[in-house]
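Observations on chain architecture
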Amino acid sequence: MNFDNLKKTDPLCYDLVLKEMERQENTLELIPSECIASLSTIEALGTPLTNKYSEGYAWKRYYGGNEYIDEIEKLAISRAKELFKVPYVNVQPYSGSPANFAVYCATCEPWDTIAGQSLLDGGHLTHGWSASMTGKFFNSVQYHVKGDGYIDIENVRKVILENKPKLVWIGASAYPREFPFKEIAEIAHQVGAYVAADIAHISWLVVSWVHPSPNPYVHIITTTTHKTLRWPRGGMIMVTDLWLQKDPDLWKKIDKAVFPWLQWWPHNHQTLAIAVALWEALSPSFVEQNFQIVRNAKFLAEKLQEKGFRLISWGTDNHLILLDVGPWRGIFLQEALDKAWITLNKNTIPEEPVSAFFPSGIRLGTPIMTMRGMKEHEMKKVADFIYRVSEEIKEFSYLDTKEERLEQMKKFKEYIEKNDSLLKIKKEVAELCSNFPIYR
Ligand SMILES: Cc1ncc(COP(=O)(O)O)c(C=O)c1O
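Predicted model only: the values in this text are computed from it and were never measured.

1. Some remarks on the domain arrangement of the chain
Reports often express the size of an interface as the amount of accessible area lost when the parts come together. Split by domain assignment, the chain resolves into domain 1 (44-281) and domain 2 (292-434). Summarising the inter-unit geometry, the C-alpha centres of domain 1 and domain 2 are found 30 Å apart. In terms of residue class, the side of domain 1 that touches domain 2 is built from 8 nonpolar, 4 polar and 5 charged.

2. Describing the nonpolar core
Of all hydrophobic cores here, the largest spans 119 residues; its most connected members are V168, I170, V195, V218 and I342. Sorting elements by how many residues they give to this core places helix 11 (residues 268-281) first, with 8 residues. When residues no more than four places from it in sequence are discounted, the contact partners of V218 are I170, F181, A185, V195, A196, A197, T240 and L242.

3. What to know about the environment of F259
Its place among the elements puts F259 in helix 10 (residues 250-262). The sequence separation of F259 and R233 amounts to 26 residues, and the corresponding C-alpha distance is 19 Å. Discounting chain neighbours no more than four positions away, the residues touching F259 are E55, G56, Q92 and W264.

4. Section: the site of the ligand
With respect to spatial proximity, 15 residues lie near the ligand, and among them S95, G96, S97, S173 and A200 are the closest. The element that contributes the greatest number of residues to the shell around the ligand is helix 5 (residues 96-107), accounting for 3 residues. Here the residues of the shell around the ligand sort into 2 nonpolar, 12 polar and 1 charged.

5. Side note on the sheet that holds strand 8 (residues 194-198)
Across the sheet, 7 strands lie side by side as 4-10-9-8-7-5-6; this open sheet has mixed pairing. Two strands bound the open sheet, and with one partner strand each, they are strand 4 (88-90) and strand 6 (139-143). The mean inter-strand angle of the sheet, taken between neighbouring strand axes irrespective of direction, is 20°. Pairing geometry for strand 9 (residues 220-224) and strand 10 (residues 235-239), over 5 bridges, is antiparallel. Paired with I221 across the two strands is M238, which belongs to strand 10. The sheet strands contacting helix 5 are strand 7 (167-170), strand 8, strand 9 and strand 10, and the helix crosses strand 10 at an angle near 35°.

6. A few points about the sheet that holds strand 12 (residues 320-324)
In spatial order, the strands read 11-12-15-14; together these 4 strands make up an open sheet with antiparallel pairing. A strand with exactly one partner marks an edge of an open sheet, and here the two such strands are strand 11 (310-311) and strand 14 (345-347). Relative to strand 15 (residues 361-365), strand 14 is paired through 3 bridges, and the arrangement is antiparallel. Bridged to N347 within strand 15 is G361. Lying on the sheet, helix 12 (residues 284-306) is in contact with strand 11, strand 12 and strand 15; it crosses strand 12 at an angle near 15°.

Calculation criteria
Residues numbered from 1 in each chain as written. Predicted model: local features only at pLDDT ≥ 70, side-chain atom pairs only at ≥ 80, totals over all residues. Domains from an automatic or database assignment. Nonpolar A, V, L, I, M, F, W, Y, C, P; charged D, E, K, R; others polar. Core = buried A, V, L, I, M, F, W, Y, C linked by C-beta atoms within 7 Å. Buried ≥ 20, exposed ≤ 12 C-beta atoms within 10 Å, placed from the backbone. Helix = DSSP H or I, 4+ residues; strand = E, 2+ residues; numbered from the N terminus. Contact = placed C-beta atoms within 7 Å. Near = placed C-beta within 6 Å. Pairing = 2+ DSSP bridges. Axes fitted to C-alpha atoms, helices over the stretch in contact; angles between N-to-C directions.

Pasting the structure below:
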C-alpha cells in the first residue's frame, strides 16, 4: 500500500497509520466482529466519490451531477438483493446502529413496546438496552438465555405474549449458537409484531448457507457490512417477501426513515466499496472461507475445552466462542492477553454474577485468523497461548470488597507490565503472525 501523498502532507498521521498497520500485522486479532477488508474495497473507499453530495435516492436526488453515483447505488442494491435473496434493500445507513434505529422509526411510535435479547445475555445495545436511546424512547422488554447459554424460548413466549410488542428483534453480538428465527418469529406473529432479524454477526454465514436464513420468517433484516462480511464499514436494511402480508408500505417507510428522518447525504465512497465487496462476496471463494471460519472456531473451542476452559453452551455453531473464566477474570484475562498481543474482549456470561464492566467471560472468534490463512494447526497454538496467559495470572481473582479489588487491580497492572512469560508469548505470537501476512 502506498501513502505517498499522506506522508508528504501529514507525516504525523502517516506515522500513526503505519503503526496501526504494524499492530494489526503482529497481533492475533480474536475480536469476532472484526474482519479484513480486501484491497479493492480499501481502494474504493479512497476514491474521490467522497467529494459528492447526493441527498435522496437513485434518480430522485436533490442535487445535480449524480448520474454515476446513481449507477453505483443501484449496483450495490442489485448485488445485495442477489446475495441476500430479498426484494428490497437500502444501502445508505452509515452503520449498524443507525440502520437499527431507522427500523424503529419505520415501524414504531415513541414509547411503543419493543422486545429484544438482553445485552447481558449477548444481545445488542440497539435492541432496547437501557444504556441506548432505544431503551429510553421505547418501552423495552427483554428476553433471556438459559443457564446453558441457549435462548430460552419459554421466556421469549412469556415476554412477547404478556407485553405484545410492536417490534421484536432477533439477533445478538455474543451468541455462539444458531438463532431460532422460526420459533421466535412464530411467537411474535401471534401478537402481530413486526419481526426484525439483526444478522450483523452472522450475515456471512447466512449468505453462505452455513446458518439458516431468517428470510421466510421475518419482515426486516438488518446487518452491518464490516463484520464477517469483510466489507468496509456500513449498514444495510432489507425487507423480505413477508412485508407484503404485514405492511405493503414497509419499504417506503424504511426509505423515509433513513432519508430524510435520520440521515441526509449518503457516503458515496462507502456505497462504492460495499458494491465492490458484494461483488467479491458473490464468488465461491467467499463461501469456502466462511466454512473454514466455522471449522476453525469449532476446533479452537474443542482445544480450549481440553485445556479446562468452560465454554458457554459447550461449544459453538458459528465464528465465536464465549468462555466463562470466573468473576472479574474477564477483565484480567483481556488485559494480560493484550500484553501478549492477543486481542479479544471481556464479556458477560448468562446469569452474569458481577457486571458488564467487570464480567466473568471473554468473547473470541476466528474470522481474522482465518482470513489470514490460519487453519486447525494454528488454532491449537492459539488455544495454547490463551491457556499459558491464563496460567500466568491465575492468582488474580474476585475479591469481596471494593477496596480490596481496587488494590488488586493496581498490583495486577504492575505484574503484567513486568511479566517475562507474557513477553515470551508475545514474541511467539508475532512469529506466528509473520507467517500469515494480512495483505499478501
Ligand atoms: C448484532 C449487532 N447489531 C448492530 C451492531 C451495531 O453496529 P455498528 O457498530 O456498525 O453501529 C452491532 C455491532 O456492534 C452488532 O453486533
